[in-house]
Amino acid sequence: MSSTSVGQSDQSFKGLLARYEPVIGLEIHCQLSTASKLFCACKTEFGSLPNQNTCPLCLGLPGVLPVINKTAVDYAIRMALAIGATIREKSVFARKQYFYPDLPKGFQLTQYDLPYCENGSMLLDNGRTVRIERIHMEEDAGKNIHGDNASYVDLNRAGVPLLEIVSAPDMHSQEEAVDYLKKIHAIVRYLGVSDGNMEEGSFRCDVNISLRRRGVEKLGTRTEIKNVNSFKNVERAISYEIMRQADLLDSGESIRQATLLFDAATGRTSMMRSKEDAPDYRYFPEPDLGPLYISSDRIKAIAALIPELPEAKKKRFQEAFGIPEADAAQLTEEAALAAFFEDVVLKVESKVAPKIVANWINTEFMREFNNRQSSWQKPMLSSDALAELLRYLGDGTISGKIAKTVFEEMLEKKASAKSIIDAKGLVQISDTGEINKVVADIIAQFPDQVAQHRDGKPKVFGFLVGQVLKVSQGKFNPALVNQSLKDALDGNA
Ligand SMILES: [Zn+2]
């Protein structure tokens, strides 16, 4: 591939989007979080010693028969139901034949012309719908590791169950592609069918992308970017590829159908193999495995176990708790976070509005949660402890500013909000006599600012409030300070 220099400015990107429409489809590979592999009893755990989790079947030795993993099929059904797809009563596993050192059998078992799931869809934030053409089950290949003087083959991953989720080419920007990918990612985690760990490769995607002139119906020649493994890189890879293809088309060249790799270090794509010599896989139905039958009773039983999904939860949070869409979206990214929020809302016993709880969790709490690499199995602070702190904030015992200090101390000292507030005497002061006295002192100390306030300079009032609060070391009730200062300056005191 020629390394054409690509214009990077926003202006030129907008310009090329005025001429060309990107057409994007995603194939997501999602590893199912079953304990054992798709056709044998070997463990699927990540990080074992090389080739520790193998047996004659996944090593490709002769004379052994595959047996399908029931849990993997149940998980696959869950996913199909979550995207509103049709589940085929009778689906078939086929051999996809090719040679590669990490594929000792010489074929991969996958579903070809009769996948178990078809015709789902996903609604994007911008209101557009992406059709999901199909989902099929397949086994993963092993892994080749290339050292300085030798190459190694690790077959721990060979036979691990995957879902391949194939969208129609319905997306038209990198933002839409990332939104779609994030939504699928959230769903597999809500359903508990995959850990969605992108760093370990259990959630990765191939991006198909082509450009066509605005107003033209016919699709352009597409390229496929393989195995992109983060949301950020999907966005970068698509942006780069849009610019690269536009540059070629602008200079009258044609796009070559090819499989590309994205290099995260350089932000560029490069050719992996040309599609012209795409191997003929000679698919045929796996003779050692009968068709897979999925009964309507089984589907019904699994449907009953589908939890509330992110989109529905987000809507409910907006309506039931009166919180803005952006906050609700953030809270529902993960089921455990959403559950934590609801738990705290319950435990503040209406002393604090859910909107304030949402703010606290999305900002203060999540910042520390991420900094400390905390986990939902054992969060750094329990919902009880956070609710206690927020109750003190809600009933006016402490101010918002003090609450942040107390929060930090709770984490450092692993102590309760009450013990910190008591020990440091942080209780908010609402004694108007005491407040009025300090207000009078400040007015006497800053005659110039008082004069400016009377001349109508609005910013000076905030300065004077700040001075009063400073004297009180943040303990005065800010609402009462505001009122007292207003009264004093307007001569009502
Ligand atoms: Zn095995």
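Up top you'll find the structure we're talking about.
Everything in this summary refers to the structure shown in the same document. Fair warning: this is a prediction, and the values are worked out from it, not measured in the lab.

1. A word on unusual backbone geometry
- The backbone of glutamate 349 sits at a positive phi, close to 50°, despite the residue not being glycine.
- Tracing the backbone through its elements, the reader meets glutamate 349 in the loop between helix H8 (335–347) and helix H9 (354–371).
- Here the phi dihedral of serine 350 falls at roughly 65°; this positive angle occurs in a residue that is not glycine.
- By the element assignment, serine 350 lies in the loop between H8 and H9.
- What makes serine 350 exposed here is its relative accessible area of 72%.

2. Some thoughts on the coordination of the zinc ion
- Protein ligation of the zinc ion involves Cys40 (SG), Cys42 (SG), Cys55 (SG) and Cys58 (SG), the donor distances falling in the range 2.3 to 2.4 Å.
- Considering all four donor atoms around the zinc ion, angles at the metal cover 99 to 115° and the coordination shape is tetrahedral.
- When the donors of the zinc ion are listed by position in the chain, the intervening gaps give C-x1-C-x12-C-x2-C. Of this pair, cysteine 40 sits in the loop between strand S1 (20–31) and helix H2 (70–82) while cysteine 55 is found in the loop between S1 and H2, placing the two residues 15 residues apart along the sequence. Across the pair, exposure class does not vary: cysteine 40 and cysteine 55 are buried alike.

3. Concerning the nonpolar core
- Residues Tyr180, Phe365 and Leu386 are the most contacted members of the largest nonpolar core, which totals 115 residues.
- By residue number, the principal contributor to this core is helix H3 (residues 174–191), which donates nine residues.
- The contact partners of tyrosine 180, leaving out residues within four places of it in the chain, are Leu26, Ile28, Met122, Leu124, Val130, Ile132, Ile165, Ser167 and Met171.

4. Describing the environment of alanine 94
- Examined against the element boundaries, alanine 94 turns out to sit in strand S4 (residues 93–97).
- With relative accessibility at 5%, the residue alanine 94 sits in the buried group.
- When near neighbours in sequence (up to four residues on either side) are disregarded, alanine 94 contacts Gln108, Leu109, Thr110, Tyr112, Tyr283, Phe284, Pro285 and Glu286.

5. Details of empty space enclosed by the protein
- Taken as a whole and judged by the stated rule, the model has one cavity of 30 Å³ or more.
- Quantified by volume, the largest cavity comes out at close to 100 Å³.
- Every residue lining the largest cavity is counted, 14 residues in all, and those nearest its centre are Cys58, Lys105, Glu139, Ala158 and Gly159.

6. A look at the pattern of salt bridges
- Counted under the stated rule, the structure contains 35 salt bridges.
- A single network of salt bridges, built from pairs that share partners, joins Asp125, Asp179, Lys183, Glu311, Lys314 and Glu325.

7. Side note on helix H16 (residues 478–489)
- Taking 1.5 Å per residue as the helical rise, H16 with its 12 residues ought to reach 16 Å, and the 16 Å between its terminal C-alpha atoms agrees with that figure.
- Two to three positions downstream of the cap, the backbone nitrogen of alanine 479 sits 3.0 Å from a side-chain oxygen, assigning the N-cap of H16 to asparagine 477.
- One or two steps after H16, the chain reaches glycine 491, where phi turns positive at roughly 75°.

8. Some thoughts on the layout of surface pockets
- Size it by volume and the second largest pocket reaches roughly 1200 Å³.
- Those elements giving two or more residues to the lining of the second largest pocket turn out to be strand S6 (117–123), H3, helix H6 (310–321), helix H7 (325–331), H8 and H9.
- Ranked by residue count, the leading element in the lining of the second largest pocket is H3, at seven residues.
- Residues belonging to the lining of the second largest pocket are distributed by class as follows: 15 nonpolar, 12 polar and 11 charged.

9. Quick look at the packing of aromatic side chains
- The final tally for this structure, using the stated rule, is 14 aromatic pairs.
- Both rings, one in tryptophan 360 and one in phenylalanine 407, keep their centres 5.5 Å apart while their planes meet at 85°; by these two values the pair is edge-to-face. Separated by 47 residues along the polypeptide, tryptophan 360 in helix H9 and phenylalanine 407 in helix H11 (residues 400–413) bring together distant segments of the chain. Each member of the pair tryptophan 360 and phenylalanine 407 is classed as buried.

10. With respect to the pairing of strand S8 (residues 143–146)
- Relative to strand S9 (residues 151–154), S8 runs antiparallel, the two sharing four bridges. If you follow asparagine 144 over to S9, its bridge partner there is valine 153.
- Connecting S8 to the antiparallel partner S9 that follows it, the hairpin turn spans four residues.

Cut-offs used in this document
Residues numbered from 1 in each chain as written. Predicted model: local features only at pLDDT ≥ 70, side-chain atom pairs only at ≥ 80, totals over all residues. Heavy atoms only, no water. Helix = DSSP H or I, 4+ residues; strand = E, 2+ residues; numbered from the N terminus. Buried < 20%, exposed > 50% of the residue type's maximum accessible area, 1.4 Å probe, protein only. Donors = N, O, S within 2.8 Å, 3.2 Å for Na, K, Ca; no water. Tetrahedral: all angles 85-135°; square planar, octahedral: opposite > 155°, others 65-115°. Core = buried A, V, L, I, M, F, W, Y, C linked by side-chain atoms within 4.5 Å. Contact = heavy atoms within 4.5 Å. 1 Å grid on protein atoms, 1.4 Å probe; cavity = no way out; pocket = protein on both sides within 12 Å on 5 of 7 lines; lining within 4 Å. Points joined across faces, edges and corners; volume = space filled by probe spheres on them. Salt bridge = Lys/Arg side-chain N within 4 Å of Asp/Glu carboxyl O. Expected span 1.5 Å × (residues − 1). Polar contact = N/O pair within 3.5 Å; in protein donor to acceptor, adjacent residues only side chain to side chain. Nonpolar A, V, L, I, M, F, W, Y, C, P; charged D, E, K, R; others polar. Phe/Tyr/Trp six-rings, centres within 6.5 Å; stacked < 30°, edge-to-face > 60°. Pairing = 2+ DSSP bridges.

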